[in-house]
Every structure is written in C-alpha cells, then in structure tokens.
Amino acid sequence: MHLSAARPRAAAISASVWTSARGRLREDLDAAARRDPAARSRLELLLCYPGLHAVWIHRVAHRMWQRPGLKLAARILSQLNRSWTGVEIHPGATIGRRFFIDHAMGVVIGETAEVGDDVMLYHGVTLGGRSLERTKRHPTLEDGVTVGAGARILGPIVIGAGAQIGANSVVVRDVPAGAVVVGVPGQVRQRAAAKADPYDVWADPEIYI
C-alpha cells in the first residue's frame, strides 16, 4: 500500500476510535448523573468523581494487559490508579459499560472478576477471591447488579442480573437474578420487584445504609 493511501485510512481509524471513546465517555457521565442526585453537571462529574476516573484509567490498563509485553506497565498503571482514586482494580478484571462506583474509596476488584453492564458499587466493596489457585477465583456480576457499601462478594460465584446486595453483607454463594441479599453470611431475603428503569435500584433502604 502506498503511503499516500495509508494516511487517509489511518486517519479514518483514528477518528473512529476517538468517536467511540467520546461516546463511551458521554455514556458514563450520563449513567453517573442518573445515579447520583448530588451531581449538578457533566463538568462536575468529569472533574470531581474518582469513581469515574478509576473506571477510565482501568480501561486503558485492561487494554495494556491484553498484550504480553505490557503486563507490568498495566500493573504499574493500576497501582497509580489506586493511589489517585482509592480504587484498586486489577488490570485483568473485565468491566462492562455504564459501570459506576459512587464515593469510590476502598473498592477492590480482583483479577478474574467480571462485571456486566449497568452495575453500581458503593464505597468499600470487595470483589475478592477465596483461592490461591491460578484459575477463575473472583465473582461475576451480571447486568444491573447493585452492591451496597462495605459488602464483600468472595469467590467464583455469580450474582444474577438485577440483584441487590445489602451494605456490609458477605456473599459466598451464587445469588439468583433479581434477588435482594442481606446479612453475614448473605441470605436471600426476597425477590426484588421487576423494574422498568434499571437506574431505579433501591427496593429497600436497608440495602444501602
């Protein structure tokens, strides 16, 4: 391919990547605005919300992690992310779209964790492991899951779509879709009512206190 032909193609790819990244950024800001009534503008969210910053930095670190020669660099970036935001996300963790961490501080997400779309975590949440084996050892959160402050979700378990995990709960078993879980160890207390709006997350104040 001639250099003159390659340049427009490279420019088109670059423009497409930028357009996609800008769309994802706007999507994240809109999702955060809907979940946090204290947010007054996109600019405030962009500048002042470490939960968003942590996710954006993780996306870069995760892409680096996919390349064998950049794994160490990805780990270094994830540690800088931890220092800057108070959120520790291993670069190997898989994070879906419109993920929001409110208040952010003290969140830990392990290497093999998988987080779906429209998931929300509050501060102090741990998605941790219970094994020293080099295998899938961290939880999977399906779409629309909400996890209250201080909750611990441990092991290669599955939290079903739309489930709500109460504040300070410790969950070590699979949770069915749409369930409300509270306590230590976490127990399914009820099934959450079906919601038309995925951002209308709280069925009970006990979940987030």
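Note: the structure precedes this text.
So, how was this worked out
Residues numbered from 1 in each chain as written. Predicted model: local features only at pLDDT ≥ 70, side-chain atom pairs only at ≥ 80, totals over all residues. Heavy atoms only, no water. Core = buried A, V, L, I, M, F, W, Y, C linked by side-chain atoms within 4.5 Å. Buried < 20%, exposed > 50% of the residue type's maximum accessible area, 1.4 Å probe, protein only. Helix = DSSP H or I, 4+ residues; strand = E, 2+ residues; numbered from the N terminus. Contact = heavy atoms within 4.5 Å. Salt bridge = Lys/Arg side-chain N within 4 Å of Asp/Glu carboxyl O. Pairing = 2+ DSSP bridges.

We now examine the nonpolar core. In terms of nonpolar packing, the biggest core is built from 30 residues, with I109, L121 and I159 touching the most fellow members. Listing elements by their share of this core, those giving two or more residues are α3 (50-65), β1 (87-89), β4 (107-109) and β14 (179-182). Apart from the residues within four sequence positions on either side, I109 is in contact with E88, I89, H90, A93, I95, F99, L121 and L127. Judged by nonpolar contacts, the second largest core, of 11 residues, contains L29, A39, L52 and W56.

Quick look at the pattern of salt bridges now. Evaluation of the coordinates by the stated rule reveals 10 salt bridges. Between E27 and R24 there is a salt bridge; the shortest N-O distance is 3.8 Å. On the criterion of helical spacing, the pair formed by E27 and R24 is a turn pair, its members being 3 residues apart in helix α1 (residues 3-35). Accessibility expressed as a relative area gives 26% for R24, which makes it partly exposed. One salt bridge connects E27 with R97, and the closest N-O pair in it is separated by 2.9 Å. Of this pair, E27 sits in helix α1 while R97 sits in the loop between β2 (94-95) and β3 (100-101), and the two are 70 residues apart along the sequence. In this structure E27 comes out as buried when scored by relative accessible area, which is 18%. What makes R97 partly exposed here is its relative accessible area of 37%.

Take the sheet that holds strand β10 (residues 152-154) next. Strand pairing within a sheet occurs via backbone hydrogen bonds; the two strands may be parallel or antiparallel. Reading across the sheet, the 5 strands line up as β1-β4-β7-β10-β13 and stay open at both edges, with parallel pairing between neighbours. Taken across any chain shown, the strands that pair with only one partner, and hence form the sheet edges, are β1 and β13 (170-171). As judged from the 2 bridges shared by β10 and β13, these two strands associate in the parallel manner. Of the residues in β13, the one forming a bridge with R152 is V170.

A few words on the side chain of H58. If you trace the backbone, H58 turns up in helix α3. If we skip the residues at most four places from it in the chain, H58 touches N81, I89, H90, P91, A93 and I95.

Another point: the sheet that holds strand β8 (residues 140-141). As summarised here, the arrangement of the 4 strands in space is β2-β5-β8-β11, forming an open sheet in which the pairing is parallel. Either end of the sheet is taken by a strand with one partner, and the two such strands are β2 and β11 (158-159). Relative to β11, β8 is paired through 2 bridges, and the arrangement is parallel. If you follow L141 over to β11, its bridge partner there is I159.

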